[in-house]
Amino acid sequence: MIVGPGMHPGFFFRGTGKKENMDFSAFNLHPRVAAGVTAQGYVNPTPIQAQAIPKVMNGRDVMGLAQTGTGKTAAFVLPMLHRLVQGKQGRVRGLIVAPTRELAEQTHETVRSLGRKTRIRSVTVYGGVGVRGQEVKLRQGADIVVACPGRLLDLIGRGAVDLSRLEVLVLDEADHMFDMGFLPDIRRILGHLPRKRQTLLFSATMSGEIRRLAEEVLHDPVTVRVGVSAPAATVSHALYPVEPHLKTALLLDLLRKTDTESVLVFTRTKHRARRLGEQLAKSGYAAASLQGNLSQSRRQAALDGFRKGTYRILVATDIAARGIDVTRVSHVINYDIPNTTDAYIHRIGRTGRVARTGDAFTLVSHEDREMVRAIERILHGRIDRRTLDDFDYGVRPARKGKSPAQPPRRTACRVSA
Ligand code: AMP
């Protein structure tokens, strides 16, 4: 099934219901912020930006329902920069809380690139790395802090960050924060913030918990909604039915027969991610795996390598992949089907990003039938079932104790860097 731009004339996303022709000048952003937008090469706002930016600039609290890949980061970063550039700088007036360090780093990068013509300083704060460097940067003066909850609380405890002048709070990917058990930390952080402030809450989904959090933290909010529970409209989806023991062989054959740029492969467990990464590398692919057990530096090296194209394939679990923003992912391949439809949307949110098209392939076996039906329900259509020509679907499972079936032949190094 392909849901493409052709079905949504004039724009790339679902959920606007109207053609968007506006450009960024309509917002009247501060000239130094507008200059950052131009330097970044953005021409037209995405739907979430078109809806949210004017409301945030008017000082309203906003509940933003948007998945990653919709341009949601700039939807809160631009009005935040617009506000902060106009007041006294050098103290923390903006706080962005994110569930993962990757998301925190990316958001910080967005602040830096869109704010390159301003003097706004942003500092990231997250665990897994030394606290001293972050403490020093905070003491040198920051306007925006982009933080993961636990480390931020540590630094508040150490007196390294003063949030008493905070004007704008953003809680990003609130649904992930909830999944990862961060809500108690968030509540503790809220206790350190001025009550009078602007609060923006972003989430891909709206569960009971998120609604309760919104009621607690937002004051008279407006809700903006883009593509909720519907994946980016530029992604095409396909299923590859296969017996579980033939998944690796089929994946290798699929990679051989498909023209890919960079490929993100999802597995159910970190063990499977590591093993599959090794098998792909052995077969000649420039592949790395990302799983929870990696040290921060190895994790960063895998991500940087994937971003730069040194690794053309990255194998990851859902948790490990959170916050990955690789604009050029051409294919997401679900080696294992996800456990929930939301996870499916998050996974494929990594491809078909703004103005690009992408493919989402899912390897499926009999036991995945229920989940396939659920995914088809949220996509409002049947997904194509595909088979690979010349692939031997009849190979029997190896006897117990043996390693999983190996590919019929070694692959050429076609997609390696
Ligand atoms: P996000 O949903 O915030 O993770 O953004 C997804 C990607 O879209 C990022 O790579 C952004 O740089 C890019 N992006 C955001 N806004 C725009 C825009 N108005 N025009 C083109 N690209 C954009």
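This report concerns the structure included in the present document. (Residues numbered from 1 in each chain as written. Predicted model: local features only at pLDDT ≥ 70, side-chain atom pairs only at ≥ 80, totals over all residues. Heavy atoms only, no water.)

### Focus: the packing of aromatic side chains
Considering all chains together, one arrives at 5 aromatic pairs under this definition. Measuring from ring centre to ring centre gives 4.8 Å for Phe 391 and Tyr 393, while their planes differ by 75°; the resulting arrangement is edge-to-face. For Phe 391, a relative accessible area of 9% gives the class buried. Residue classification places Tyr 393 among the partly exposed positions, given a relative accessible area of 29%. Aromatic ring contacts, followed pair by pair, group Phe 24, Phe 27 and Tyr 42 into a single cluster. (Phe/Tyr/Trp six-rings, centres within 6.5 Å; stacked < 30°, edge-to-face > 60°. Buried < 20%, exposed > 50% of the residue type's maximum accessible area, 1.4 Å probe, protein only.)

### Section: helix α3 (residues 72-84)
The end-to-end C-alpha distance of α3, which contains 13 residues, comes to 19 Å, matching closely the 18 Å that a straight helix rising 1.5 Å per residue would cover. For α3, the tally of buried residues reaches 12 of 13 residues, placing the bulk of the element in the interior. Taken together, the buried positions of α3 are Lys 72, Thr 73, Ala 74, Ala 75, Phe 76, Val 77, Leu 78, Pro 79, Met 80, Leu 81, His 82 and Leu 84. (Helix = DSSP H or I, 4+ residues; strand = E, 2+ residues; numbered from the N terminus. Expected span 1.5 Å × (residues − 1).)

### Topic: the environment of Arg 132
With respect to the secondary-structure elements, Arg 132 resides in helix α5 (residues 131-140). Taking the relative accessible area as the measure of exposure, Arg 132 reaches 54% and is therefore exposed. Sequence separation between Arg 132 and Ala 160 is 28 residues, and the spatial gap between their C-alpha atoms is 9.9 Å.

### Side note on the sheet that holds strand β2 (residues 94-97)
In a beta sheet, neighbouring strands are held together by backbone hydrogen bonds and run either parallel or antiparallel to one another. Within the open sheet, the 7 strands sit side by side as β3-β4-β2-β5-β6-β1-β7. Their pairing is parallel. Each edge of the open sheet is held by one strand with a lone partner, namely β3 (122-125) and β7 (222-226). Taking each pair of neighbouring strands and ignoring which way they run, the sheet shows an average axis angle of 15°. Inspection of the sheet shows strand β1 (residues 62-66) paired to strand β6 (residues 198-203) by 4 bridges, in the parallel sense. Each bridged residue has a counterpart across the sheet, and for Val 62 the counterpart in β6 is Leu 200. Docked against the sheet, α5 engages β3 and β4 (144-147), running at close to 155° with respect to β3. (Pairing = 2+ DSSP bridges. Axes fitted to C-alpha atoms, helices over the stretch in contact; angles between N-to-C directions. Contact = heavy atoms within 4.5 Å.)

### Looking at the nonpolar core
In this structure, Leu 78, Leu 81, Ile 96, Ile 144 and Leu 200 are the most contacted members of the largest nonpolar core, which totals 38 residues. Contact partners of Ile 96, with chain neighbours within four places excluded, come to Phe 76, Met 80, Thr 107, Val 111, Ile 144, Val 145, Val 146, Ala 147 and Val 170. Counting 36 residues, the second largest nonpolar core, distinct from the first, contains Met 63, Val 125, Val 131 and Leu 190. (Core = buried A, V, L, I, M, F, W, Y, C linked by side-chain atoms within 4.5 Å.)

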